[in-house]
Amino acid sequence: MTSKAITLNGKPLSSDADTLQQLLAQQVDLPEQFAVAVNAAFVPNTEYSGIALQEGDDIELLVPMQGG
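Predicted model, so just to flag it, every value in this text is computed and none were measured.

Structural notes on the overall build of the chain
Right, on to step 1. Check the secondary structure of the chain and you find one helix and five strands.
Right, on to step 2. When the elements of the chain are put in sequence order from the N terminus, they spell out β-β-α-β-β-β.
Right, on to step 3. Expected size for 68 residues packed as a compact globule is a radius of gyration near 11 Å; at 12 Å, the chain falls within 12% of this value.
Right, on to step 4. Carbon and sulfur atoms form 52% of the exposed surface of the chain, whose accessible area is close to 4700 Å².

Side note on the sheet that holds strand β5 (residues 58–62)
Right, on to step 1. Taken together, five strands build an open sheet; the order of strands is β2-β1-β5-β3-β4 and the sheet is mixed. In this open sheet, the two strands that pair with only one neighbour each are β2 (11–15) and β4 (41–43). On average, each strand axis in the sheet is tilted by 35° relative to the strand beside it, whichever way the strands run.
Right, on to step 2. Here strand β1 (residues 4–8) pairs with β5 via two bridges, running parallel. When the bridges of β5 are listed, L8 appears paired with I59.

Points about the side chain of S15
Right, on to step 1. By the secondary structure assignment, S15 is in strand β2.
Right, on to step 2. Within polar-contact distance, the side chain of S15 engages the backbone nitrogen of A17 at 3.0 Å.
Right, on to step 3. The residues touching S15, leaving out its near neighbours within four places in the chain, are T2, S3, K4, I6, L23 and Q26.

Side note on the pairing of β5
Right, on to step 1. Going residue by residue along β5, you find I59 and L61 tucked away on one face and D58, E60 and L62 left uncovered on the opposite face.
Right, on to step 2. Across four bridges, strand β3 (residues 35–38) lies against β5 in antiparallel orientation. What sits directly across from V38, in β5, is I59.

Brief notes about unusual backbone geometry
Glycine aside, a negative phi is what most residues show, and trans is what most peptide bonds show.
Right, on to step 1. Look at N39: it is not a glycine, yet its phi comes out positive at around 55°.
Right, on to step 2. Within the secondary structure, N39 is located in the loop between β3 and β4.

Structural notes on the environment of A17
Right, on to step 1. By the secondary structure assignment, A17 is in the loop between β2 and α1 (20–26).
Right, on to step 2. Distance from A17 to S3, taken between C-alpha atoms, is 7.4 Å for residues 14 residues apart in sequence.
Right, on to step 3. Residues contacting A17, with those up to four places away along its chain left out, are K4, Q22, L23, Q26 and L53.

Parameters and conventions
- Residues numbered from 1 in each chain as written.
- Predicted model: local features only at pLDDT ≥ 70, side-chain atom pairs only at ≥ 80, totals over all residues.
- Heavy atoms only, no water.
- Helix = DSSP H or I, 4+ residues; strand = E, 2+ residues; numbered from the N terminus.
- Rg over C-alpha atoms; globule rule 2.2 N^0.38 Å.
- Areas by Shrake-Rupley, 256 points an atom, 1.4 Å probe, with all protein chains shown as cover.
- Pairing = 2+ DSSP bridges.
- Axes fitted to C-alpha atoms, helices over the stretch in contact; angles between N-to-C directions.
- Polar contact = N/O pair within 3.5 Å; in protein donor to acceptor, adjacent residues only side chain to side chain.
- Contact = heavy atoms within 4.5 Å.
- Buried < 20%, exposed > 50% of the residue type's maximum accessible area, 1.4 Å probe, protein only.

As structure tokens, then:
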């Protein structure tokens, strides 16, 4: 594994995760329900293990909010 400079929710992060699934497994306090976008493209949770992370990737964790 090689460390990559990525952005997670707007904050720089250095990670040795090779896949999106590995990156998410390293995160603490993940909400019960969330969606993920990599470089502004939605990623279904069934595809997390197949998404290879690259240097410079921009990852956003999106949490549904209630209200109106």
